[in-house]
2 protein chains.
Amino acid sequence: MSESEHIAAAPPGDPATHMDNEDRLRPEFVARVLDAVAAGDVATARDLVEPLHPADVADLIELARADERDGLVAALANLVDADVYAELNDFVREDLLDEMEPQQVADIAGQLETDDAVALIEDLDADDQQAVLERMEPDDRAAVEEALGYPEESAGRLMQRDVCAVPQHWNVGKVIDYLRSTAELPDDFWEVFVVSPDHHPVGTCKLSTILRTKRDRPVSEIMVEEQTLIPVDMDQEDVALRFQKYALVSAAVVDGQGRLVGMITVDDIVHIIQEEASEDVLLLSGVGDEGDINEPIRAAYKDRVRWLIANLGTAMIAAFVISRFEGTIERLAILAALMPIVAAIGGNAGTQALAVTVRALATNQLTGSNRWRAVGREVSVAVLNGATIAVLLGLGVWAVLGSETLGLVIAAAIFVNIIVAGFAGVLVPLTLDRYGADPAVASSVFLTTVTDSMGFLAFLGLATLAGLGR
Amino acid sequence: MSESEHIAAAPPGDPATHMDNEDRLRPEFVARVLDAVAAGDVATARDLVEPLHPADVADLIELARADERDGLVAALANLVDADVYAELNDFVREDLLDEMEPQQVADIAGQLETDDAVALIEDLDADDQQAVLERMEPDDRAAVEEALGYPEESAGRLMQRDVCAVPQHWNVGKVIDYLRSTAELPDDFWEVFVVSPDHHPVGTCKLSTILRTKRDRPVSEIMVEEQTLIPVDMDQEDVALRFQKYALVSAAVVDGQGRLVGMITVDDIVHIIQEEASEDVLLLSGVGDEGDINEPIRAAYKDRVRWLIANLGTAMIAAFVISRFEGTIERLAILAALMPIVAAIGGNAGTQALAVTVRALATNQLTGSNRWRAVGREVSVAVLNGATIAVLLGLGVWAVLGSETLGLVIAAAIFVNIIVAGFAGVLVPLTLDRYGADPAVASSVFLTTVTDSMGFLAFLGLATLAGLGR
């Protein structure tokens, strides 16, 4: 963030006029700005927006309707600066950038730090990307091109190349003089990296340590030698977990030869953590990893219909299982009313095990060391749940429908299905993870196939065996 | 974190011997330590663990079986220091603390910063809490008691009371001299807060700014006056969103009178963001907000069975709907095989809308300004999905079962159910949020009630109306 110092400016008068107490722009404030723009009253719109932080200006643009956004951005003109673009939702930003000349996009990118510039440019299609890069300053362009050379979602794309690095033979006074006299430092930095002559990081000094140490001490005496280095090709999810685990504020990024090539700061990581955790919710629910209220309707349709079609396949298998028992159902139609209960509760129990397992895998809590213990744990919980629900449902069915056999059959079927669901809920994601697949992506389709088919099979099969409807 | 400088110590020899490339302890390493402990070879166990970061020691303890943990902790002795306890999973920590004398717990708490000490003590039951507090140093005790006076999950519990605050009339040189000569500063700090004589924060100076400024400049000239202040009673979820939105590294916490009472740093916020996003996955899946592979089986059972019973209620309603059509099903049992398809796909479509809406609400993307637009968007996607699935399923049923009427009926039913699901998926969480409830908690039960009942009703109702099975 190149201007994180420009924080939450208070509006003239009461901040309560534009923000509610959860840091959301008030609907009345948004409406007032948009009405002013619609009425051609640019001055009022600008006066209202001027005190806002770039992140709030970005929110304002997102909250406007798609057809109002171009007008709003034009009216606000320079208030929509590079930092606002950096804060914008990807889908909304892409929409706005599509309308711009390559030179405008290049100007915006040139004002951002490398990581934000890359985020801006990486989603453009190849031609537009090329056109924008050609119009950037050579230095900025080189930095962005280098970053684009690293894999998507890797440390190389997240890092900024400007770092504050000092040789290990300097003393604190020399470091302070260097910091005072050098213009090309990052806007925000919290640690100084100490490097060897061949540019390998050998230690880290927090700024507070430098500030609190006498000028004549060598940095090599006060630096912390144990440090967490981030390989430039590390996946952003792993980078985020590493920041979280070791409570890092910044970390040095190194290339394959161990040379310092950049720095990642925690403010960029906070977004990744939010994103990666959201991804699990979205993937488990079958909306793809980009599900977002700003995603264009056609894209959302494409992502979601694929999942529904996959589930249609699952449902067909279950329907086929049921169809094998048509004779039994014809003779005792109440079975048709009860069977979805067995399938649905099994599905719910499986989803519970699945959610816990997926989160444990995502946060590195579940490894080869405790894999089988986790399976045992889920099965134990399933036995308890299965017994409870079997008793409740069995007694309920007996009481309401007056058939002891039917009560026993449904109790046995749901007990079996909940236990199968517990097994599947933990084994499916573990297996996907073992073979390198993302356990959140496909596990709920597999799970539902198992719990639906098994639910219907157990219930209708036992009912047939028990001679119900004969 | 009182020792975040002690980071990722490299083990003697190759770090690859104890960590895999995703920062998880290798199962072979864990087994080697546990085997040594079991064999009474404390020296080997300690040698293996000695190079680990406290966060990794905590992982090791979590990866051990519950019945191995006491032995492991005893063998490692002082290697399991206060920082390890601060990093431990809540359930595992509670288990270990239960075995300890209040004096031991008080000693551990005394070595931690206030926020970590509070996290350690807040989950103890009232008697144990009192016993521990009585054994703490008066200063530490006062700090923890004050923090415990704030609501759970509020800024007051997250903050540390040690802050670096300077009067506005000082110059940079005086600030640096103060930092050099004062022992009681926080272990980690990244910004200096400038305060008025009545202790109101009036500005913030990043340490990098102080380092890069000549000694004779007054801090009031270099401080950033716009700053984000955190009210002491703010909910931690809102604190986290504020840190994320404004890319904060630390922020001043103020009381009701606007006086500086503490500071929150981003390393504590990173955990909250992870937790809050995980909570949505867990709540939507019905495992309560504490679902975790370390949760004791009985607690997991209690949390989950409640949800299954609620879903049993939902399933009963659906069963009742079906039972109204027993006659139709008796005459045409294939309807029983097809009806779960309509309900299941509706449920899936609703879950998609639900997930997107819950995440948008949680990240403040969805407000009064775009609420109706979000509903319109979900319904549009539902119409597209519904039309696609209706055509596929209708044609499939017609082709396989040879009944044009049945194909038309199921197509119409699933179209209706997917649209109803889209409406419910967005309206249920919006309504819960509007009335102050957490939209992730109960929305999927409501949603399933709607999609199941509506699915069966539409399909069986239309089939009956169309005279199928007559």
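Conventions used here
Each chain has its residues counted from 1, running along the sequence as written. Labels follow written order: the first chain is A, the first ligand is 1, and so on. Thresholds applied to this predicted model are a pLDDT of at least 70 for local features of residues and 80 or more for the giving and counting of side-chain atom pairs; totals over whole chains, interfaces and linings are not thresholded and use all residues. Note that the side-chain values use all heavy atoms of the structure and ignore hydrogens as well as water. UniProt positions are given in the numbering used here, feature names are shortened, and annotations may be inferred rather than shown by experiment. In this scheme Phe, Tyr and Trp rings, the latter by its six-membered ring, pair at centre separations within 6.5 Å, and the angle between planes marks the pair as stacked below 30 degrees, edge-to-face above 60, and tilted otherwise. Relative accessibility under 20% of the residue-type maximum defines a buried residue, over 50% an exposed one, and the middle range a partly exposed one, all with a 1.4 Å probe and only protein chains included. Each axis is a line fitted through C-alpha atoms, taken for helices only over the stretch in contact, and angles between the N-to-C directions span 0 to 180 degrees. What counts as a helix is a DSSP run of H or I of at least four residues, what counts as a strand is a run of E of at least two, and both are numbered from the N terminus. Angles below 35 degrees are treated as roughly parallel, those above 145 as roughly antiparallel, those between 65 and 115 as roughly perpendicular, and all remaining angles as oblique. Two residues qualify as a contact provided that any one of their heavy atoms is within 4.5 Å of a heavy atom in the partner residue. Throughout this entry, Asp, Glu, Lys and Arg are counted as charged residues, while Ala, Val, Leu, Ile, Met, Phe, Trp, Tyr, Cys and Pro are counted as nonpolar. The remaining residues, Gly among them, count as polar. Each patch is built from residues that are more than 30% exposed by relative accessible area and take part in no salt bridge. Like charges join if they lie within 9 Å; nonpolar side chains (Val, Leu, Ile, Met, Phe, Trp, Tyr) join within 5 Å. Note that accessible areas follow from Shrake-Rupley with a 1.4 Å probe, and for residues the cover is restricted to the protein chains shown. For salt bridges, the criterion is a side-chain nitrogen of Lys or Arg within 4 Å of an Asp or Glu carboxyl oxygen. Any two strands between which DSSP finds at least two bridges are classified as paired. Here the term right-handed applies to a crossover when the path leading from its first strand over the helix to its second strand runs clockwise, the strands being oriented away from the viewer. Defined here as a combined quantity, buried area equals the accessible surface (1.4 Å probe) lost by two parts on assembly, summed across both. Side-chain atoms alone can form a polar contact between residues adjacent in sequence; in general such a contact is a pair of N or O atoms within 3.5 Å, and within protein one must be able to donate a hydrogen while the other accepts it. Buriedness of a pocket was judged along seven lines, with at least five required to meet protein on both sides within 12 Å; pockets are open sets of points on a 1 Å grid over the protein atoms alone, cavities are sets where a 1.4 Å probe fits but cannot get out, and lining residues have an atom within 4 Å of a point. Grid points are joined across faces, edges and corners, and a volume is the space filled by probe spheres set on the points.

Chain A carries the name Magnesium transporter MgtE in an unreviewed UniProt entry, which gives Sphingomonas lutea as its organism. Reading the Function (unreviewed entry) entry of the UniProt record for chain A gives the comment "Acts as a magnesium transporter." According to the UniProt record, the Sequence similarities (unreviewed entry) comment for chain A reads "Belongs to the SLC41A transporter family."

Draft legend 1. How the structure looks around the packing of aromatic side chains. All names here are of chain A. Enumeration according to the criterion identifies 2 aromatic pairs over all chains in this entry. A centroid spacing of 5.4 Å and a plane angle of 70° characterise the contact between Trp170 and Tyr178, whose relative ring orientation is edge-to-face. Residue Tyr178 is classed as partly exposed on the basis of its relative accessible area of 23%.

Draft legend 2. Inspection of the packing of helix 7 (residues 102–110) of chain B against helix 8 (residues 114–121) of chain B at higher detail. All names here are of chain B. Helix 8 packs onto helix 7 with a crossing angle of 155° between their chain directions and a minimal axis gap of 9 Å. Classified by the angle between their axes, helix 7 and helix 8 sit roughly antiparallel to one another. Listed contacts from helix 8 to Val105, Ile108 and Ala109 of helix 7 are Ala117, Leu120 and Ile121. Across the contact of helix 7 with helix 8, the residue classes tally to 6 nonpolar, no polar and no charged.

Draft legend 3. Structural context of the UniProt feature "transmembrane region" (unreviewed entry) in chain A. Residues and elements named next belong to chain A. Following the UniProt record, the feature "transmembrane region" (unreviewed entry) maps to residues 305–322, 334–362, 382–401, 408–432 and 444–468 here. Spanning residues 305–322, this segment combines 100% helix with 0% strand, and its end C-alpha atoms are found 25 Å apart. Along residues 444–468 the backbone is 88% helical and 0% strand, and the end-to-end C-alpha distance reaches 33 Å.

Draft legend 4. Inspection of a nonpolar patch on the surface at higher detail. All names here are of chain A. A cluster of nonpolar side chains, Val391, Leu395 and Trp398, forms an exposed patch at the surface whose accessible area comes to about 310 Å². By the secondary structure assignment, Trp398 is in helix 20 (residues 371–401). The partly exposed category is assigned to Trp398, whose relative accessible area is 43%.

Draft legend 5. The arrangement of the sheet that holds strand 3 (residues 201–206) of chain B in detail. Residue and element names in this part refer to chain B. Reading across the sheet, the 3 strands line up as 1-2-3 and stay open at both edges, with mixed pairing between neighbours. Two strands close off the open sheet at either side, each with one partner strand: strand 1 (165–167) and strand 3. Within the sheet, the average angular offset between the axes of one strand and its neighbour, ignoring direction, is 30°. Examined bridge by bridge, strand 1 and strand 2 (residues 191–195) share 3 bridges and lie parallel to one another. Pairing of Pro167 across the sheet is with Val195, part of strand 2.

Draft legend 6. Looking closely at the pairing of strand 2 of chain B. Residues and elements named next belong to chain B. Judged by how many residues are buried, strand 2 sits mostly within the fold: 5 of 5 residues are covered. Burial along strand 2 is two-sided: the face carrying Glu191, Phe193 and Val195 and the face carrying Val192 and Val194 are both buried. What joins strand 1 to strand 2 is helix 12 (residues 172–181), and the crossover it makes is right-handed. The pairing of strand 2 with strand 3 spans 5 bridges and is classified as antiparallel. From the neighbouring strand, Val194 faces strand 3, where its bridge partner is Gly203. Joining the antiparallel neighbours strand 2 and strand 3 is a turn of 5 residues, in which His199 adopts a positive phi near 70°.

Draft legend 7. Fine view of the interface of chain B and chain A. Each partner contributes residues to the interface: chain B has 137 residues there, and chain A has 137 residues. Both faces considered, chain B and chain A share a buried interface measuring about 12300 Å² in area, 64% of it formed by carbon and sulfur atoms. The tally of links between chain B and chain A comes to 10 salt bridges. The residue Asp59 of chain B makes a salt bridge to Lys245 of chain A at a minimum N-O spacing of 2.9 Å. Along the contact surface separating chain B from chain A lie 48 residue pairs in polar contact (both at pLDDT 80 or more). At 16 residues, helix 19 (residues 334–362) of chain B tops the list of elements feeding residues into the side of chain B that touches chain A.

Draft legend 8. Expanded view of empty space enclosed by the protein. Tallied over the entire structure, the rule returns 16 cavities of 30 Å³ or more. For the largest cavity, the calculated volume is near 890 Å³. For the largest cavity, the lining is made up of 38 residues, of which Gly347, Asn348 and Thr351 of chain A together with Asn348 and Thr351 of chain B are closest to its centre. Class assignment of the residues belonging to the lining of the largest cavity gives a composition of 20 nonpolar, 16 polar and 2 charged.

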